[in-house]
2 protein chains.
Amino acid sequence: MAASSSERTNVAIIGMGTVGAGVAQLLIDHGDRTARHAGKTIWLSKAVVRDMKKPRGIDLPEGVLTDSIDDVLNDPSIDVVIQLMGGLSPARETMLRAMEAGKDIVTANKALLAEHGGELFTRARELGRSIAFEAAVAGGIPIIANVSQCLSANQILSLEGILNGTSNFIVSQMDEKGVGYEETVKVAQDLGYAEADPAMDVDGTDAAQKLAILSHLAFGATVDWRDIPRSGIDGLDPDDLSYAGQLGYRIKLLATARLVDGELELSVGPTLVRKGTPMAEVRDAFNAIRVVGDAVGPVFYHGLGAGQMPTASAVVADVIDMAVGRTPITFQTLEYFSKDRPARAVQRDASKLRGRYYLRFRVANHPGTLAAITGALAEHSISISSVIQHEDSSADSGVIDGSTVPLVIMTHEATEGAASGAVTAIESLDVVEGNVVRMPVRG
Amino acid sequence: MAASSSERTNVAIIGMGTVGAGVAQLLIDHGDRTARHAGKTIWLSKAVVRDMKKPRGIDLPEGVLTDSIDDVLNDPSIDVVIQLMGGLSPARETMLRAMEAGKDIVTANKALLAEHGGELFTRARELGRSIAFEAAVAGGIPIIANVSQCLSANQILSLEGILNGTSNFIVSQMDEKGVGYEETVKVAQDLGYAEADPAMDVDGTDAAQKLAILSHLAFGATVDWRDIPRSGIDGLDPDDLSYAGQLGYRIKLLATARLVDGELELSVGPTLVRKGTPMAEVRDAFNAIRVVGDAVGPVFYHGLGAGQMPTASAVVADVIDMAVGRTPITFQTLEYFSKDRPARAVQRDASKLRGRYYLRFRVANHPGTLAAITGALAEHSISISSVIQHEDSSADSGVIDGSTVPLVIMTHEATEGAASGAVTAIESLDVVEGNVVRMPVRG
Ligand SMILES: NC(=O)c1ccc[n+]([C@@H]2O[C@H](COP(=O)([O-])OP(=O)(O)OC[C@H]3O[C@@H](n4cnc5c(N)ncnc54)[C@H](OP(=O)(O)O)[C@@H]3O)[C@@H](O)[C@H]2O)c1
Ligand SMILES: NC(=O)c1ccc[n+]([C@@H]2O[C@H](COP(=O)([O-])OP(=O)(O)OC[C@H]3O[C@@H](n4cnc5c(N)ncnc54)[C@H](OP(=O)(O)O)[C@@H]3O)[C@@H](O)[C@H]2O)c1
């Protein structure tokens, strides 16, 4: 029943939504490609749905569509289960049952892996089964294969990326059109780039889940995605995009993993990225990842992070790798999420993160304001690299009135601990109104 | 003797130059990485050089260095030969002998593969051996694995890239510094980016050889690199970089393969690439490749195309894939350069290539000149999208003197046949001095 043993590999899709229908289309319409790369026929035996009546936009051969998962689990001729249900349950139980029935698994479900990866991978090893999951991170960019195979001669030093296409679409649109967050989310929803409830995309959850998976592959760290300090783009103020632009930067929702003194710095959040660098120029719903290896140097990947066919492309490549026998080798060798493999890096305490910061305040428009703020920064040993005092009437100009003005400060390098200490101190100053906006700066 | 059968894979390097020394360093200093990814120890048994006295910048364990290839060929415990001699001979003979002695091969020698790939791959299959060659194209960018495995669900529609780092360094420098070709070559040589004789790099040969290899992998076409229409950057005029800049483009040495009506358009040459696109912003000695697949859409890769450690990174990843058993599967399944596999695409006649063109003329500074030239273009059904008439005294201004002025024309889409017909006609006009500069335009 091993996937690579027979002359033909029979596969079943569970979940014929957006991705499932795309995978079925590639398998049915382009069997020549899969056969050429797998050295044998890859045959779609079953496609499991809940509702047999719902149109799927694809003509399946007679007898393929079923609403019974048991049709797959009880069929010993099916070698690979392509698990394309979303959510955690029953996706988790279905995956376990499929492996227990002797099936190898290909999946695109990052939430499931971020939540139950340890359990699922351990069970797969116990059962002698394999799991492939290229489509779970960055859709069409084959980052899983690149990190776990192509760059295997390297100690990876850092990995940073735009891992959520919805967020990038929204931020790029806000930047280019100068419109607000709420309005742009509506545009993204109308165009199909954001779901009706985009919370997990825009609040950094999705990017943190992907970063947790990549951190395990690239650094051997086992990280709960909830432990990654994260903020989202929800509530991003167009003013900050504009100030960042004046300083020569764009704001991107960046997921970052960096080895520092043998520890792993992890974060997800809106970040100022210098214009003209490839990462800053990533537009629309594209994803991008920059990996730095100690031998290879920087390698940059850019492509579509989601969507029916880009994701299906990754799924079908996994199915081919499974059928031809490469995945079982990789899966058994690398032993992802194995308790027998000591962690090669632990997560660094967030307060030790170092970086430059973008700070925006609303300050009283009267003398001494700038002195009070720069004084508070100096007390926390933070020095300043640029200041934007936007109005003509500077806070130190001597004009005294009750109004407030924006003040933007870009700092030199400081620790996260110092920066948050300074921000707390500054927020308590009389001359400062409301909360300070703070974002890290790259490049 | 199969590479993946034993608990340890023994390897030998033949050729301890730049790349060989880097590979030895990774294997010796970082055995933990290779063991983790290969599931067993990868052991450097021998390193073959011509001159035992020459310093190699690396401490090899006692007994590893040898000047006798027979020490490798006659040692049945050696599984993999890492072939890092340059040139065609004795590299070809050595590779054949190594395979006959039962060794699998990892190589970085693109010239050898471009010239003798068919023979070497066929012989490998006859002998049940495998050849891995990730480092042969684009150094640190794992484009071979990406095209042959990661994007295997796609019909690749086009592939274009900056495949020669030396040329890109020279063109980028000329563009940024505004200096001439000869002077920039000297800078590149001083910095180690160009060899003493950089002919194969700057005349497009190296890029054409790499494109021939990639075309086979991506499109199943068997192309002699000599049949790829090519021109180099040798003799590029800084004026053209400047005019291109005014029109919103940069000039790059671009290698292009595109499926058009089921035929494969191939070319290598200086090309105008629109500023702001990722390809236009590739600087220094970096390489980049943009692949478009019918499912995945565009995927863009950017990294170091040469240099000791980036190339060694690719070589060692191949050694790991060989040792762990992935390469033999891939090699046997894909049957590269096999006569039994019908070509999936044939090269399109160069005169049928379609594109926009940049044309620069030196023209007589008198009335009727522009009319004569635009007339010749119209006769070949080529329409014009922009014109730069640089001097104040336009050729049609009525000022008559014996001097010549530059005239730059950007055309709308035309066939290569029409463009070269028009250029020949224009070069024969009295009002035109010398040869016309012509480059294709992308984006
Ligand atoms: N869409 C993307 O671009 C993308 C990109 C990367 C990864 N992913 C991941 O891929 C997975 C699928 O995404 P999607 O966009 O294709 O989702 P989707 O369009 O919502 O489709 C989910 C499918 O699962 C089916 N399903 C749910 N519960 C089921 C059950 N108990 N039994 C049988 N079928 C069940 C649904 O059946 P019914 O149709 O009958 O309701 C539906 O067809 C998710 O994990 C997602 O995170 C998606
Ligand atoms: N350098 C790069 O960045 C790069 C990138 C991609 C691909 N490549 C390819 O990798 C290969 C090696 O490049 P390289 O830069 O390392 O070249 P290199 O520095 O010139 O080294 C070539 C080595 O081969 C050895 N050699 C030549 N003939 C030999 C023979 N008959 N027996 C034993 N050893 C012999 C030389 O030995 P001696 O030292 O004793 O003379 C030398 O050590 C070439 O095919 C090149 O195209 C290089």
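All values reported here derive from a predicted model rather than from experimental measurement.

Some points on the interface of chain A and chain B
Then step 1. Contact residues are listed per partner, giving 44 residues for chain A and 44 residues for chain B.
Then step 2. Of the roughly 4,000 Å² buried at the junction of chain A and chain B (both faces included), carbon and sulfur atoms supply 58%.
Then step 3. Together, Arg33(A), Arg36(A) and Arg326(A) form the three largest contributors to the area buried by chain A at its contact with chain B, with a combined 16%.
Then step 4. At the boundary of chain A and chain B, one finds 2 salt bridges.
Then step 5. Its salt-bridge partner being Asp294(B), residue Arg33(A) comes within 2.6 Å of it at the nearest N-O pair.
Then step 6. Linking chain A with chain B are 15 residue pairs in polar contact (both at pLDDT 80 or more).
Then step 7. For the side of chain A that touches chain B, the secondary structure elements donating two or more residues are helix H2 (31–38), helix H6 (143–150), strand S11 (297–304), helix H12 (308–324) and helix H13 (326–334) of chain A.
Then step 8. Class assignment of the residues belonging to the side of chain A that touches chain B gives a composition of 23 nonpolar, 15 polar and 6 charged.
Then step 9. Relative to strand S11 (residues 297–304) of chain B, S11(A) runs antiparallel, the two being bridged by 3 bridges.

Here we look at the domain arrangement of chain A
All names here are of chain A.
Then step 1. When its domains are assigned, chain A resolves into domain 1 (5–132), domain 2 (161–303) and domain 3 (351–442).
Then step 2. A C-alpha centroid distance of 30 Å is found between domain 1 and domain 2.
Then step 3. In this assembly, 5 residues from domain 1 lie in contact with 6 residues from domain 2.
Then step 4. In this structure, Arg226 engages Glu115 in a salt bridge whose closest nitrogen and oxygen atoms are separated by 2.6 Å.
Then step 5. Across the domain 1-domain 2 interface, the total number found is 2 residue pairs in polar contact (both at pLDDT 80 or more).
Then step 6. Residue classes in the side of domain 1 that touches domain 2 are distributed as 3 nonpolar, no polar and 2 charged.

Thoughts on the site of ligand 2
Residues and elements named next belong to chain B.
Then step 1. The environment of ligand 2 is formed by 21 residues, the closest being Gly17, Val19, Arg50, Arg56 and Gly307.
Then step 2. Within the contact set of ligand 2, an oxygen atom lies 3.2 Å away from a backbone nitrogen or oxygen of Met16.
Then step 3. Within the backbone of Asp51, a nitrogen or oxygen atom sits 3.3 Å from an oxygen atom of ligand 2.
Then step 4. Looking at the shell around ligand 2 residue by residue, the class counts come to 9 nonpolar, 7 polar and 5 charged.

Overview of a nonpolar patch on the surface
Then step 1. A cluster of nonpolar side chains, contributed by Val187(A), Leu191(A) and Tyr193(A), occupies part of the molecular surface with about 260 Å² of accessible area.
Then step 2. With respect to the helices, strands and loops of the structure, Leu191(A) is situated in the loop between helix H8 (181–190) and helix H9 (199–202).

The rules behind these values
Counting restarts for each chain: residues are numbered from 1 in the order of the written sequence. Chain letters and ligand numbers both follow the written order, the letters beginning at A and the numbers at 1. Only residues with pLDDT of at least 70 get local features here, since the model is predicted, and only at 80 or more are side-chain atom pairs given and counted; chain-wide, interface and lining totals rely on the full set of residues. Excluded from the side-chain calculations are hydrogens and water; all other atoms, namely the structure's heavy atoms, are used. Whether two residues are in contact is decided by their heavy atoms: any pair within 4.5 Å suffices. Reported buried area values correspond to the accessible surface (1.4 Å probe) lost by two parts on association, with both partners' losses combined. We count a salt bridge whenever a side-chain nitrogen from Lys or Arg sits within 4 Å of a carboxyl oxygen from Asp or Glu. Counting of polar contacts relies on pairs of N or O atoms within 3.5 Å, with two restrictions inside protein: one atom must be capable of donating a hydrogen and the other of accepting it, and residues adjacent in sequence are counted only when both atoms are side-chain atoms. Numbering of helices and strands runs from the N terminus; a helix is a DSSP stretch of H or I covering at least four residues, while a strand is a stretch of E covering at least two. Under the scheme applied, nonpolar residues are Ala, Val, Leu, Ile, Met, Phe, Trp, Tyr, Cys and Pro; charged residues are Asp, Glu, Lys and Arg; polar residues are all the others, including Gly. Any two strands are treated as partners once DSSP identifies two or more bridges connecting them. What marks off one domain from the next here is an automatic or database domain assignment. We call a residue near a given molecule or strand whenever any one of its heavy atoms falls within 4 Å of it. Residues enter patches when their relative accessible area tops 30% and they take part in no salt bridge; the joining distance is 9 Å for like charges and 5 Å for the nonpolar side chains Val, Leu, Ile, Met, Phe, Trp and Tyr. Computed by Shrake-Rupley with a 1.4 Å probe, the accessible areas treat only the displayed protein chains as cover when residues are assessed.

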